[in-house]
Amino acid sequence: MIFIAIAIAGSVTLRYTKYGRSIFAIGSNPNAARVVGIRSNRVIFVTFIFSGIAAALAGAVLASQLSSGDPNAGLGLELQVEST
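Fair warning: this is a prediction, and the values are worked out from it, not measured in the lab.

Side note on the overall build of the chain
A tally of helices and strands in the chain yields four helices and zero strands. For the chain, the succession of helices and strands along the chain, N to C, is α-α-α-α. Here the C-alpha radius of gyration of the chain, 16 Å, is well above what a compact globule of 84 residues would show, namely 12 Å. Once the C-alpha set of the chain is aligned to its principal axes, its extents read approximately 50 × 30 × 25 Å.

Observations concerning the environment of Ile 49
By the secondary structure assignment, Ile 49 is in helix α4 (residues 40-66). Among the residues examined, Ile 49 registers a relative accessible area of 39% and is labelled partly exposed. Along the sequence, Ile 49 and Ser 22 sit 27 residues apart, while their C-alpha atoms lie 16 Å from each other.

Section: the confidence of the model for the chain
Per-residue pLDDT for the chain has a mean of 86; in total, 95% of the residues score no lower than 70. Averaged pLDDT values over the elements of the chain bottom out at 89 in α4 and peak at 92 in helix α1 (residues 2-16).

Topic: the side chain of Ser 40
Take Ser 40: it is sitting in helix α4. Overall, Ser 40 belongs to the buried group, its relative accessible area being 5%. In this structure, Ser 40 is in contact with Ile 26, Pro 30, Ala 33 and Arg 34, ignoring residues within four places of it in sequence.

Topic: α4
Note on helix geometry: an α-helix contains 3.6 residues per turn, so any two residues three or four positions apart are oriented the same way. For α4, spanning 27 residues, the distance from its first C-alpha to its last is 39 Å, which sits close to the expected 39 Å at 1.5 Å a residue. Phi turns positive one or two residues past the end of α4, at Ser 67, with a value near 60 degrees.

Points about the environment of Ile 6
Looking at the secondary structure, you find Ile 6 in helix α1. The sequence separation of Ile 6 and Tyr 19 amounts to 13 residues, and the corresponding C-alpha distance is 16 Å.

Thoughts on the packing of aromatic side chains
Counted under the stated rule, the structure contains one aromatic pair. Between Tyr 19 and Phe 50, the aromatic rings sit 6.0 Å apart at their centres with planes inclined by 80 degrees, giving edge-to-face as the arrangement. Within this pair, whereas Tyr 19 is found in helix α2 (residues 18-28), its partner Phe 50 is found in helix α4, the two being separated by 31 residues in sequence. Given a relative accessible area of 21%, Tyr 19 falls into the partly exposed group.

Digging into a nonpolar patch on the surface
Taken together, the side chains of Met 1, Phe 3, Ile 4, Ile 8, Val 12 and Tyr 16 define a hydrophobic patch exposed on the protein surface, amounting to about 780 Å² of accessible area. You can see Met 1 is positioned in the segment before α1. On the basis of relative accessibility, which here comes to 83%, the residue Met 1 falls in the exposed class.

About the criteria used
- Residues numbered from 1 in each chain as written.
- Predicted model: local features only at pLDDT ≥ 70, side-chain atom pairs only at ≥ 80, totals over all residues.
- Heavy atoms only, no water.
- Helix = DSSP H or I, 4+ residues; strand = E, 2+ residues; numbered from the N terminus.
- Rg over C-alpha atoms; globule rule 2.2 N^0.38 Å.
- Buried < 20%, exposed > 50% of the residue type's maximum accessible area, 1.4 Å probe, protein only.
- pLDDT = per-residue confidence, 0-100.
- Contact = heavy atoms within 4.5 Å.
- Expected span 1.5 Å × (residues − 1).
- Phe/Tyr/Trp six-rings, centres within 6.5 Å; stacked < 30°, edge-to-face > 60°.
- Patch = residues over 30% accessible without salt bridge, like charges linked within 9 Å, V, L, I, M, F, W, Y side chains within 5 Å.
- Areas by Shrake-Rupley, 256 points an atom, 1.4 Å probe, with all protein chains shown as cover.
- Salt bridge = Lys/Arg side-chain N within 4 Å of Asp/Glu carboxyl O.

Right, dumping it as structure tokens:
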């Protein structure tokens, strides 16, 4: 339920807000986005803050599933990607 709520909120944010369009513009061409007037450094900073909040939420969900805090719980999963 938490994932679905965050996925919907992220999709709406990226699709329908000025902030979301700024993220796409910076990701496509940072120099062009800067020339157009997008404050790239501010948008990137706020995006990193949201990423940190999402990581903290993932840690809280993991801790609630394990019923304890295990510092080695996600060891080796940092860059794991599954291909279909």
